[in-house]
Amino acid sequence: MESLVTLVLVAAFLFATVVFLRRRTITINITPSRARRAPAPLKPRQRLITISDAAVAQRALVENADAFSTRPFALFGKPLITGPERRRSDNIISAPHGRLWRALRCNLSSEVIHPTRMASLGPLRRAAIGAVVADLRRQSTAAAKGEAALVVRDCLYAAVFSMTARLCFGAAVDEAQVRGMQRNMQEFFLAVGPSPSKKQPGARPTELGRGRDPAGSIRRRQVEFFLPLIEARRQSSRFCNNEGGLRLYIDSLLDLSVPDVDDDHLDVDDNGIRRRALTDDELVSLVSEFLGAGTETVVASIEWTLAHLTTNPRVQNKLCREVSCIVDGDDSRCPSEPEEREIQMHHRSAMPYLHAVVLESLRMHPTVPFAMRELRTESEGAVIGQTTMPEGGLRVHFSLGAIGRDSKAWTDPDEFRPERFLAGGEAEDVGPLPGPKGIRMMPFGAGPRYCPGMNLAMLNIKCFLAALVREFQWTTQHEISSVDLTEIDGFFKVMKNPLRARVTPRA
Ligand code: HEM
């Protein structure tokens, strides 16, 4: 009897959701919360639905963008992002849709990672790539004697992290400080779920589950570690330090004033809004968000792509030919400045196959597995019309992996086939963000909350991949290991078993 009642309730809920998302027939997969591990705790009695259908995602995230613009606050569990004062210390990811979110997002996009600033990132990126290449050469020489397969994730992670940390704090931070930041972030991600950090040397075992106040103590250590670095930058004569044309993230945050009232419904004149500087707790939240978002996602994407290249010699050779032809060729159309040249070379039109390989990898393994939204009970009237919002509100997870592998939208979706993104292919007009024809894949999300780091991420992934494929041949070592493409979904979608490959320097 009890199960019959549950069945009826679930059926009514599914029906209501479909009606709410549009009153015509749509295919919608709704997974009850227990069927998938929710990366973030649900509020008591809050319902969770998982959307795996691109058309439904389009209607929700693009056509009903206002209603679907707020993420659940407690993505990580409150104590991990709440400062010692126990007040909200939002970062961009957690800020509700409104003035504060807009100010924070606009600061990152226009001050730090605006396309016009991409060129000044070149020296940092080249140093990071140089470090990985040198490390892999050294390891491959050592490994050649013992015929061992290399794990690329560790040196990749260290290089990308150091690049992101210096974009945040500048050249003044030394290696020890960068490694300290890395450990701190690894501890954070260990606490929130499976991540590449788990395998990182020096990562301490998580304290979760030991019955202490683990989240609170992780946050305390984060504050203790980052505040002195922030304070040092605040006290420095930062206006005199030329950071090679870079606008450091920490400087932009220290200069930023944000609206004091984060309520778009208040009837106030724009000029009358009180503004304030960011609190120390907010600065810590924003800095750690930048380091985490800028590193984990990019490293995981490069590793997934290398895994496919290792098992697909045809694709790898084709990519290597394209990269070598452009990098080693003398294309007079390219600008002579190395920074400008780098950006132009990695443009879709210059290296279409590299672009296609990266898109295909992101389609199959979007490294952020879900775009999450929360629909509040307050917005019920405006959004839902006749339908009753479940008590406690509604959590909606858009499954980016399922959308990218939908067999109704993609031919052989589980096959790694970059050609589909080339001219004449089934996805020639599909890019990393949904275009005017609607959503086919959305590895960087969709609607107003899409990833602001997309351009930087695409450029970094392409530059690392181009160098790694041009410098090395990637093969499996059957007698020792094969490539295991099993995914693990935590806050990030990572390889369950890190890529182990034989890495041979090209002549
Ligand atoms: C391969 C690399 C990356 C992937 C796949 C990725 C993916 C995503 C996704 C799926 C979202 C959620 C979008 C939504 O809810 O609709 C997101 C949000 C976000 N990402 Fe990324 N990201 C990447 C790199 C980066 C980088 C390099 C940065 C920073 C420099 C960054 C900063 C952010 C921020 C701040 C948000 C929150 C945006 C908001 O709420 O307004 N991401 N990202």
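Residues numbered from 1 in each chain as written. Predicted model: local features only at pLDDT ≥ 70, side-chain atom pairs only at ≥ 80, totals over all residues. Heavy atoms only, no water.

(A) Region of the structure containing the coordination of the iron atom of the ligand. With respect to protein ligation, the iron atom of the ligand binds only Cys451 (SG), at 2.3 Å. Mapped onto the elements of the fold, Cys451 is located in the loop between helix H15 (400-404) and helix H16 (454-471). (Donors = N, O, S within 2.8 Å, 3.2 Å for Na, K, Ca; no water. Helix = DSSP H or I, 4+ residues; strand = E, 2+ residues; numbered from the N terminus.)

(B) The arrangement of the sheet that holds strand E5 (residues 370-375) in detail. The strand order E1-E6-E5 describes an open sheet built from three strands, whose pairing is mixed. Every interior strand has two partners, whereas the edge strands, strand E1 (47-51) and E5, have only one. Each neighbouring strand pair of the sheet contributes to a mean axis angle of 20°, computed without reference to strand direction. Sheet strands in contact with helix H2 (residues 54-63) are E1, E5 and strand E6 (394-399), and its direction is about 125° off that of E6. (Pairing = 2+ DSSP bridges. Axes fitted to C-alpha atoms, helices over the stretch in contact; angles between N-to-C directions. Contact = heavy atoms within 4.5 Å.)

(C) Quick look at the site of the ligand. Among the 26 residues in the neighbourhood of the ligand, the closest are listed as Arg71, Trp101, Arg105, Arg373 and Cys451. Within the side chain of Arg373, a nitrogen or oxygen atom sits 2.7 Å from an oxygen atom of the ligand. Those elements that place two or more of their residues in the shell around the ligand are helix H4 (99-112), helix H10 (280-311), E5 and H16. Sorting elements by how many residues they give to the shell around the ligand places H10 first, with five residues. A class-by-class count of the residues in the shell around the ligand yields 16 nonpolar, six polar and four charged. (Near = heavy atom within 4 Å. Polar contact = N/O pair within 3.5 Å; in protein donor to acceptor, adjacent residues only side chain to side chain. Nonpolar A, V, L, I, M, F, W, Y, C, P; charged D, E, K, R; others polar.)

(D) Highlighting the pairing of strand E10 (residues 500-505). As defined by bridge partners, strand E2 (residues 150-151) adjoins E10 across two bridges and the pair is classed as antiparallel. Of the residues in E10, the one forming a bridge with Val151 is Arg500. Inspection of the sheet shows strand E7 (residues 472-475) paired to E10 by four bridges, in the antiparallel sense. Looking across to E10, one finds that Thr475 is bridged to Arg502.

(E) Geometry of empty space enclosed by the protein. This structure, assessed with the given rule, holds two cavities of 30 Å³ or more. Around the second largest cavity, the lining residues are Val112, Ile113, His114, Arg117, Met118, Leu121, Leu167 and Leu246. By residue class, the composition of the lining of the second largest cavity is six nonpolar, one polar and one charged. (1 Å grid on protein atoms, 1.4 Å probe; cavity = no way out; pocket = protein on both sides within 12 Å on 5 of 7 lines; lining within 4 Å. Points joined across faces, edges and corners; volume = space filled by probe spheres on them.)

(F) Fine view of the pattern of salt bridges. Going through the model one piece at a time under the given rule, you end up with 30 salt bridges. Arg276 is the salt-bridge partner of Asp260, the closest N and O atoms lying 3.4 Å from each other. Placement of Asp260 in the loop between strand E3 (257-259) and strand E4 (275-277) and of Arg276 in strand E4 is noted, with a sequence separation of 16 residues between them. Look at Asp260 and you get partly exposed, because its relative accessible area is 31%. Measuring nitrogen to oxygen at the nearest pair gives 3.5 Å for the salt bridge that ties Arg417 to Glu415. You can call Arg417 partly exposed: its relative accessible area is 27%. Residue classification places Glu415 among the partly exposed positions, given a relative accessible area of 43%. Residues joined in a network through salt bridges with shared partners are Glu360, Arg363, Arg420, Glu426 and Arg440. (Salt bridge = Lys/Arg side-chain N within 4 Å of Asp/Glu carboxyl O. Buried < 20%, exposed > 50% of the residue type's maximum accessible area, 1.4 Å probe, protein only.)

(G) Focus on the packing of helix H13 (residues 352-364) against H16. Between H13 and H16, whose axes approach to 10 Å, the crossing angle comes to 115°. Between H13 and H16, the interaxial angle falls into the category roughly perpendicular. Where H13 crosses over H16, the handedness of that crossing is right-handed. On H16, the residues that touch Leu354, His355, Val358, Leu359 and Leu362 of H13 are Met458, Ile461, Lys462, Leu465 and Ala466. A breakdown of the residues in the contact of H13 with H16 according to their chemical character gives eight nonpolar, one polar and one charged. (Parallel < 35°, antiparallel > 145°, perpendicular 65-115°, else oblique. Left-handed = near helix turned anticlockwise from the far one by under 90°.)

(H) Quick peek at the packing of aromatic side chains. Under the criterion given, the structure shown has eight aromatic pairs. Both rings, one in Tyr157 and one in Phe161, keep their centres 6.2 Å apart while their planes meet at 15°; by these two values the pair is stacked. Residue Tyr157 and its partner Phe161 are located together in helix H6 (residues 153-169), separated by four residues, close to a single helical turn. No difference in accessibility class separates Tyr157 from Phe161, as the two residues are buried. A ring pair is formed by Phe491 and Phe492, whose centres lie 5.2 Å apart and whose planes are at 85°; its orientation type is edge-to-face. Judged by its relative accessible area of 14%, Phe491 falls in the buried class. Assessed through its relative accessible area of 3%, Phe492 is described here as buried. Ring-pair connections join several aromatic residues into one group, and the members of that group are Phe169, Phe225 and Phe226. Lying across the ring of Trp410, Arg363 places its NZ or CZ 5.1 Å from the centre. Seen from the ring of Trp410, Arg440 lies directly overhead, with NZ or CZ sitting 4.4 Å from the centre. (Phe/Tyr/Trp six-rings, centres within 6.5 Å; stacked < 30°, edge-to-face > 60°. Lys NZ or Arg CZ within 6 Å of the ring centre and 35° of its normal.)

Keep in mind these numbers describe shape, not what the thing actually does.
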